[in-house]
Amino acid sequence: MSPTTPGTDLDALVEDVESRNPGEPEFHQAVRDVLRPLGPVLEAHPEYARARILERLVEPERQIIFRVPWVDDDGDVHVQRAMRVGFNSALGPYKGGTRFHPAVTLGTIKFLGFEQVFKNALTGLAIGGGKGGADFDPKGRSDDEVMRFCQSLMTELYRHIGPDQDVPAGDAGVAAREIGFLFGQYKRITGTYGAGALTGKGTGWGGAEVRTEATGYGLVYFVREMLSARYEDLEGRTVVVSGAGNVSIFAIEQAQRLGANVIGCSDSSGAIHDPAGIDLELLKTVKLDERGSLADYAERRGGDVALKEDATPWDIPCEIALPCATQNELDAKDAKKLVKHGVKVVAEGANMPCTDDAIAVFQGADEVAYAPGKASNAGGVAVSAFEMEQNASRHGWSFEQSDERLQATMKQIHETCRRTAAEHDHEGDYVAGANIAGFLRVADAMLAQGVV
Ligand code: NDP
Ligand code: 2IT
């Protein structure tokens, strides 16, 4: 790849990434998405090409892969594969979640880690990008089994993390219970109360207020800014969310608080349409307390509410669609249905939930504003960074203080995306704004720090 012809370099770089990272389609997709609007930026800044900033950005600084053996309640031994990818530390220690899901591969963790670099840059905070996970399926496992798995995983991971090195948190399949077990083992092995080595801890023992709610709340605060840019608000809007986990549930909560009517959601068993508005207390009981399925919600909710098995919620007409479950869960067919039914705003709570073709459909529809996850779901990692700040200063903030700062952060990310898009001839394009703004912040730091 020649640094003097950056326009054509991007295609060559994507090809290079594909051939050097075979079998990792999600990683290739994430790289393509970020690179797409960067051609003119590189033309204007030959110093980035000279310093091979892009070639360095697509290569993780380090990747750690290890075996995690554990014993189930029947005494049977299982072997899982875990990994932690330190993608980029130009802006701060590696920071990003940990995913437990049977489908996790190195390619999954690399796509998430790559996205995290630009997301974290957009927050304006001092956090680099990283991600971790394991092909462990927590579904149906007892608390003891989850604890033994977490302890075994941390018995290797502990040597690679720390407040100034790498700071894991939750992601799909990892929340307060898992972070508690992981932290307990970290404390035991290191013999220190290194609170700043993990975020998402319980609020009674080093965790930050609002971290649990932050991704979902932040997503809705971002949507509020998108609507406000069109002189509109959430009051009376119909909203459909996919998923029924951490991000979805707190997005539903905040959307309802701001006056919206949330009429649909989903989980791995199917989707529900609840025209009267989702009963949030019942949803929390079923999904968070009992770790049950939406079939239980539908049964207890009664009336006409039924689970549509193996379905997505995208055929429910709505004005605001919030995909909050998993990657590539919303395709072009779903996008066309949403547009046909009059959707106005699509904002990603999950990481990369819309396929490239779906994004093209939204961006081709004049009435639709579409926000990529690296901007609209950055509230979770932002509050994780607040948690690191509180752990370092040994000073705790109130719920109201944290929530106010989260709102200010989402507003700032929204402004950054819009301003950057406008400055680069992409008026109103949140994808270009987020990718260019994230890239510029990381690239400038890398340039300043030399060839490392
Ligand atoms: P959870 O595990 O808490 O919830 C995920 C939800 O999505 C569950 O309800 C799950 O169903 C459902 N789901 C998973 N896969 C599918 C599928 N293929 N089809 C339909 N439903 C599915 O995860 P989170 O809410 O924490 O994370 C969701 C997304 O948000 C992920 O992309 C994650 O990377 C992203 N994210 C998370 C952040 C966080 O702070 N947690 C921060 C930023 C982004 P079931 O309940 O049946 O398992
Ligand atoms: O995708 C994400 O931003 C997260 N899972 C949250 C990461 C974090 O460090 O809080």
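Residue positions are counted from 1 within each chain, in the order its sequence is given. Labels are handed out in written order, letters beginning with A for the chains and numbers beginning with 1 for the ligands. With pLDDT at 70 or above as the cut-off, local features in this predicted model cover only qualifying residues; side-chain atom pairs require 80 or more to be listed or tallied, and sums for whole chains, interfaces and linings still use all residues. To get the side-chain values, all heavy atoms of the structure are used, and hydrogens and water are removed first.

A. Quick look at a nonpolar patch on the surface. Patches draw on residues past 30% relative accessible area with no salt bridge. Two like charges within 9 Å are joined, as are two nonpolar side chains (Val, Leu, Ile, Met, Phe, Trp, Tyr) within 5 Å. Here, Shrake-Rupley sampling with a 1.4 Å probe gives the accessible areas, and only protein chains in the shown set may cover a residue. One speaks of a salt bridge when a side-chain nitrogen belonging to Lys or Arg is within 4 Å of a carboxyl oxygen belonging to Asp or Glu. Together, Val 71, Val 77 and Val 79 make up an exposed nonpolar region whose accessible area comes to about 270 Å². For the purposes of this entry, the term helix denotes a DSSP run of H or I that reaches at least four residues, the term strand denotes a run of E that reaches at least two, and both are numbered from the N terminus. For Val 79, the location among the structural elements is in strand E2 (residues 77-88). Three exposure classes are used, based on accessible area relative to the maximum for each residue type with a 1.4 Å probe and protein chains only: buried under 20%, partly exposed in between, and exposed over 50%. The class of Val 79 is exposed, set by a relative accessible area of 56%.

B. Structural detail: the packing of aromatic side chains. Aromatic pairs are defined between Phe, Tyr and Trp rings, using the six-membered ring for Trp, whenever the two ring centres lie within 6.5 Å; interplanar angles under 30 degrees are classed as stacked, those over 60 as edge-to-face, and all others as tilted. Inspection of every chain in the model, using the stated rule, returns 17 aromatic pairs. Measuring from centroid to centroid gives 5.9 Å for Phe 27 and Phe 114, while their planes differ by 85°, and the two rings are edge-to-face. Of this pair, Phe 27 sits in helix H2 (residues 25-35) while Phe 114 sits in helix H6 (residues 106-122), and the two are 87 residues apart along the sequence. Judged by centre distance (5.1 Å) and plane angle (85°), the rings of Phe 100 and Phe 149 are edge-to-face.

C. Main features of the packing of helix H9 (residues 211-228) against helix H10 (residues 246-257). Running from amino to carboxyl end, H9 crosses H10 at an angle of 50°, the nearest separation of the two axes being 7 Å. Our classification of the angle between H9 and H10 gives oblique. When the axes of H9 and H10 are compared, the crossing they make is right-handed. For the pair formed by H9 and H10, the contact residues are Thr 212, Glu 213, Thr 215, Gly 216, Tyr 217, Leu 219, Val 220 and Tyr 221 on the first element and Asn 246, Val 247, Phe 250, Ala 251, Glu 253, Gln 254, Ala 255 and Arg 257 on the second. Gly counts as polar in this scheme, as do all residues outside two lists: the nonpolar Ala, Val, Leu, Ile, Met, Phe, Trp, Tyr, Cys and Pro, and the charged Asp, Glu, Lys and Arg. Along the lines of polarity and charge, the residues of the contact of H9 with H10 split into eight nonpolar, five polar and three charged. Interaxial angles span 0 to 180 degrees and are taken between N-to-C directions of axes, which are lines fitted to C-alpha atoms, for helices over the stretch in contact. Angles below 35 degrees are treated as roughly parallel, those above 145 as roughly antiparallel, those between 65 and 115 as roughly perpendicular, and all remaining angles as oblique. Each crossing gets its hand from how the near helix is turned against the far one by less than a right angle, where anticlockwise is left-handed and clockwise is right-handed. Contacts are assigned to residue pairs with any non-hydrogen atoms lying within 4.5 Å of each other.

D. How the structure looks around the site of ligand 2. One heavy atom within 4 Å of a molecule or strand makes the whole residue count as near it. Around ligand 2 lies a shell of 14 residues, among which Lys 95, Lys 119, Lys 131, Asp 171 and Ser 384 are the nearest. At 3.0 Å from an oxygen atom of ligand 2 is found a side-chain nitrogen or oxygen belonging to Gln 116. One of the side-chain nitrogen or oxygen atoms of Asp 171 is found 2.9 Å away from a nitrogen atom of ligand 2. Here ligand 2 loses 95% of its free accessible area of 300 Å² to cover by the protein chains. Its residues assigned to classes, the shell around ligand 2 shows two nonpolar, seven polar and five charged. The definition of a polar contact used here is a pair of N or O atoms within 3.5 Å, where within protein one atom must be able to donate a hydrogen and the other to accept one, and adjacent residues in sequence count solely through side-chain atom pairs.

E. Expanded view of the packing of H9 against helix H16 (residues 379-393). At their nearest, the axes of H9 and H16 sit 7 Å apart, and the two run at 145° to each other. Where H9 crosses over H16, the two elements pack in a sense that is right-handed. Residue-level contacts link Arg 211, Ala 214 and Thr 215 of H9 to Gly 379, Gly 380, Val 381, Val 383, Ser 384 and Glu 387 of H16. Of the residues belonging to the contact of H9 with H16, the class tally is three nonpolar, four polar and two charged.

F. Local environment of the pattern of salt bridges. The tally for this structure, following the rule as stated, stands at 32 salt bridges. In this structure, Arg 159 and Glu 156 form a salt bridge, with 3.2 Å as the shortest nitrogen-oxygen distance. By relative accessible area, Glu 156 is classed as partly exposed at 24%. Via salt bridges that share partners, Glu 18, Arg 32, Asp 33, Arg 36 and Asp 356 belong to a single interconnected network.

G. Main features of the site of ligand 1. Around ligand 1 sit 23 residues, and of these Lys 139, Asp 171, Ser 268, Lys 287 and Asn 351 come closest. Within the backbone of Asp 267, one N or O atom sits 3.4 Å away from a nitrogen atom of ligand 1. Between ligand 1 and Ser 268 there is a distance of 2.4 Å, counted from an oxygen atom to a side-chain nitrogen or oxygen. Compared with its free state, where it exposes 890 Å², ligand 1 has 80% of that area covered by protein. Elements with a contribution of two residues or more to the shell around ligand 1: H9 and H10. Here the shell around ligand 1 is composed, by residue class, of six nonpolar, ten polar and seven charged.

H. Broad picture of the sheet that holds strand E4 (residues 129-134). Strands were regarded as paired on the criterion that DSSP finds at least two bridges between them. Spatially, the five strands line up as an open sheet ordered E1-E2-E4-E3-E5, and their pairing is mixed. This sheet does not close on itself; its edge strands, each paired only once, are strand E1 (62-71) and strand E5 (166-170). Going from strand to strand, the sheet's axes swing by 20° on average, the running direction of each strand aside.

I. Molecular detail of the sheet that holds strand E11 (residues 345-347). The strand order across the open sheet built from seven strands is E9-E8-E7-E6-E10-E11-E12, with neighbouring strands paired in mixed fashion. Two strands bound the open sheet, and with one partner strand each, they are strand E9 (307-309) and strand E12 (369-371). On average, each strand axis in the sheet is tilted by 15° relative to the strand beside it, whichever way the strands run. In this structure, strand E6 (residues 238-241) lies alongside strand E10 (residues 320-322), joined through three bridges in parallel fashion. Across the sheet, Val 241 pairs through a bridge with Leu 322, a residue of E10. Across the sheet, H9 is in contact with E10, E11 and E12; its angle to E11 comes to roughly 145°.

J. Seen up close, the side chain of Thr 98. Of note, Thr 98 is situated in strand E3 (residues 94-100). Assessed through its relative accessible area of 7%, Thr 98 is described here as buried.

K. Spatial organisation of the pairing of E1. Judged from the ten bridges that link them, E1 and E2 form a sheet pairing that is antiparallel. Residue Arg 62 lies in a different strand from E2, and its bridge partner there is Gly 86. Hairpin connection, E1 to E2: the antiparallel pair is bridged by five residues, and Gly 75 has positive phi, about 90°.

L. Summary view of the state of the cysteines. Two cysteine sulfurs form what is called a disulfide whenever their separation falls within 2.5 Å. A complete count under the given rule lists zero disulfides for this structure. Not part of a disulfide, Cys 265 finds its nearest cysteine sulfur in Cys 324, a span of 10 Å. Overall, Cys 265 belongs to the buried group, its relative accessible area being 0%.

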